[in-house]
Amino acid sequence: MSYFNASHLEREEWFCSLDLSPFFERNTVSGFLKKNHEYVATWYDYKLVTEKTNTLVAVKFIELTKPTYIGKNGDEYQSCVVVKVPINYLHKIPFGSIWLNGISNQRFKLQTYTVTINEDRNNLSIKSIAWARFNNETPSFEFQKYIHSSDINKFEWDKNQLLTIENNGVKYAIHPLQFFITHYGYSIEINRILSVYNWQKVEEKLKLNDNPNVDCELPVVLPRNLSHKDATFLYHLRYDNYTKNKIKKLNFQILNSKGNDGTYKIPCWHTQAITLSFYGISLGRSVLCMQITGMTVPQGEDINLCLAPKAVTKKVKLSESDSSDSVKYRTIKQEREHEMEQVDTALNPINNLVTTSVIEQLKLIGQERKINKIQDINTHENLLNTKLISYEEPTNFGVGEKYGALGGTGMANCFYDVIHSDVGDDEKTRLDIVWEHAIRLRTELGAKVFWYTPKCGFKENDDFRLISLDKICSQLDTNYPPSALIIRVDIQEQAYCIFSFPEMKKGSGFSSVVYKVDDISIFFNDDICDGSYDTLLKILVEIVSLNSIGYDYVNSKNGNMAKFIHRPGVNNNWVINGIGNLS
């Protein structure tokens, strides 16, 4: 029996935002998924495959419901399924996660370990089980206690270059891809870029050679779809030759390994000591890492971070005397941490404007590196000729490069998606009434009316959902408003966004507001977070941080925003009153 089948481990609830059903259906390498049977993720294969602009990793899931079967020769074998998934999703498929019909709501409860890789690396070795077998050395961990006996002969020749940390006679084994997705930047997009493109393209994607027009030394440019927490990694990759040489060599090894059964080593990319925390299982005098949960970052001088422009149609000049043709840069204002919601995944090309976030928490151990948000010396100008753009909501989300903006697959990059609670007909909430007033415009004015959340997109049914503001409230040390109803109303090719909030108590709470939207592709884009444009996210953060919706704030929107109150009346329509209040 394998470790997970024999140990009777305690389980715990956890939330995984992925539905891997499409991958079990279309990307199975061996075995097959049995409906309503439980599986546990146990291993990543060393062979990486490029498909379009993605790197795929083969993940092994062993069955828990009926762990074994009897082969034609009468021997017992492990029942399992191996599936290829994009490397971007690997952080959501840790060893020990339990899967049922493509969904994971539980994982095994495991012990937490903390180990340190010394600065001189004298307690770290990187070698495969196959190398140890060939050289008659002790392997990184006692794998015979982890896998089924029928798999031992094959596993002895596994080529994954495991990182082995020795401490007080105990070996701590870490899978190289576990280390890759946690040590190499905060955003998994970096792992995709490093494992798909040649070095010239890597430099372009990560903006390593961009020279922003800012008044500071050693600036770091943050590409789109990356987090400001990636600044430390990008800084060293740009200015530290040791880091650059290590990662350039790794990039070559990974690309060279594809298609020719080669291997690659995932090294430490800096020279300082590294402390890691992880969930693991004890196997004799060895411990196998199941999931890395925390890591230190290298210390050093402050990092000057600036944000690349999101969209430009012409070069910006400070004055007529400014003859510079260089692209100007804006500074990052705020980076929010999204919560997770269920994401329907796909391998399709990304061809929709909507994005979602797939986040797993990684703790920072020790001191945080100071990152300066640099004030851009250039004046921002609104460069877009705006117009209303209609597009279909995505049916699923994928990873890789974006191809177009009119299809059904959005970018997997969130707030909680809160299901609105039912109430009786005799006690409708304020939000129920706001929604009823909005949908009346369909017949009265021929309007198109939708409710919206980042995951669901635009929906017309009456079972509306709310966007949770709990995360923003906790960061700003407040508890109101806990959620928001977002409604989009299109009247004669003009889009309006309604923000409405639940009552604090009966008869009290924030007024609702209506905002005139010039370009929905910008307004509903969570990826634009530098403050240069009014977006749904920016307005929500502003309202919560101000703890009110005052007229000064409304007037600051230059006639694009208006308040409306919730006055009772049979013929009164709050939403049309709000739209009518726009100057």
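Our structure is the block above this text.
Read on for an overview of the structure. Since the structure is predicted, the reported quantities are computational estimates derived from the model, not experimental observations.

Procedures and definitions
- Residues numbered from 1 in each chain as written.
- Predicted model: local features only at pLDDT ≥ 70, side-chain atom pairs only at ≥ 80, totals over all residues.
- Heavy atoms only, no water.
- Axes fitted to C-alpha atoms, helices over the stretch in contact; angles between N-to-C directions.
- Helix = DSSP H or I, 4+ residues; strand = E, 2+ residues; numbered from the N terminus.
- Parallel < 35°, antiparallel > 145°, perpendicular 65-115°, else oblique.
- Contact = heavy atoms within 4.5 Å.
- Nonpolar A, V, L, I, M, F, W, Y, C, P; charged D, E, K, R; others polar.
- Buried < 20%, exposed > 50% of the residue type's maximum accessible area, 1.4 Å probe, protein only.
- Salt bridge = Lys/Arg side-chain N within 4 Å of Asp/Glu carboxyl O.

## Examining the packing of helix H6 (residues 188–196) against helix H9 (residues 241–257)
- The interhelical angle for the contact between H6 and H9, taken along N-to-C directions, is 65°, at an axis separation of 7 Å. Considered as vectors, H6 and H9 are oriented roughly perpendicular to each other. Here Leu194, Ser195 and Val196 of H6 come into contact with H9, specifically with Ile247, Asn251, Ile254 and Leu255.
- Residues belonging to the contact of H6 with H9 are distributed by class as follows: 5 nonpolar, 2 polar and no charged.

## Brief notes about helix H8 (residues 231–239)
- Counted residue by residue, H8 has 8 buried out of 9 residues, so it is predominantly covered.
- Burial in H8 covers these residues: Ala231, Thr232, Phe233, Leu234, Tyr235, His236, Leu237 and Arg238.

## Thoughts on the pattern of salt bridges
- Overall, the coordinates contain 20 salt bridges when judged by the stated rule.
- For the salt bridge of Glu142 with Lys145, the shortest nitrogen-to-oxygen distance reads 3.0 Å.
- Residue class for Glu142 comes out partly exposed when judged on its relative accessible area of 27%.
- For Lys145, a relative accessible area of 45% corresponds to the partly exposed category.

## A few points about the side chain of Lys557
- Looking at the secondary structure, you find Lys557 in the loop between helix H14 (551–555) and strand S32 (561–564).
- Lys557 sits in the buried class, given a relative accessible area of 6%.
- When sequence neighbours within four positions are dropped, the list of residues in contact with Lys557 reads Tyr515, Asp534, Lys538 and Glu542.

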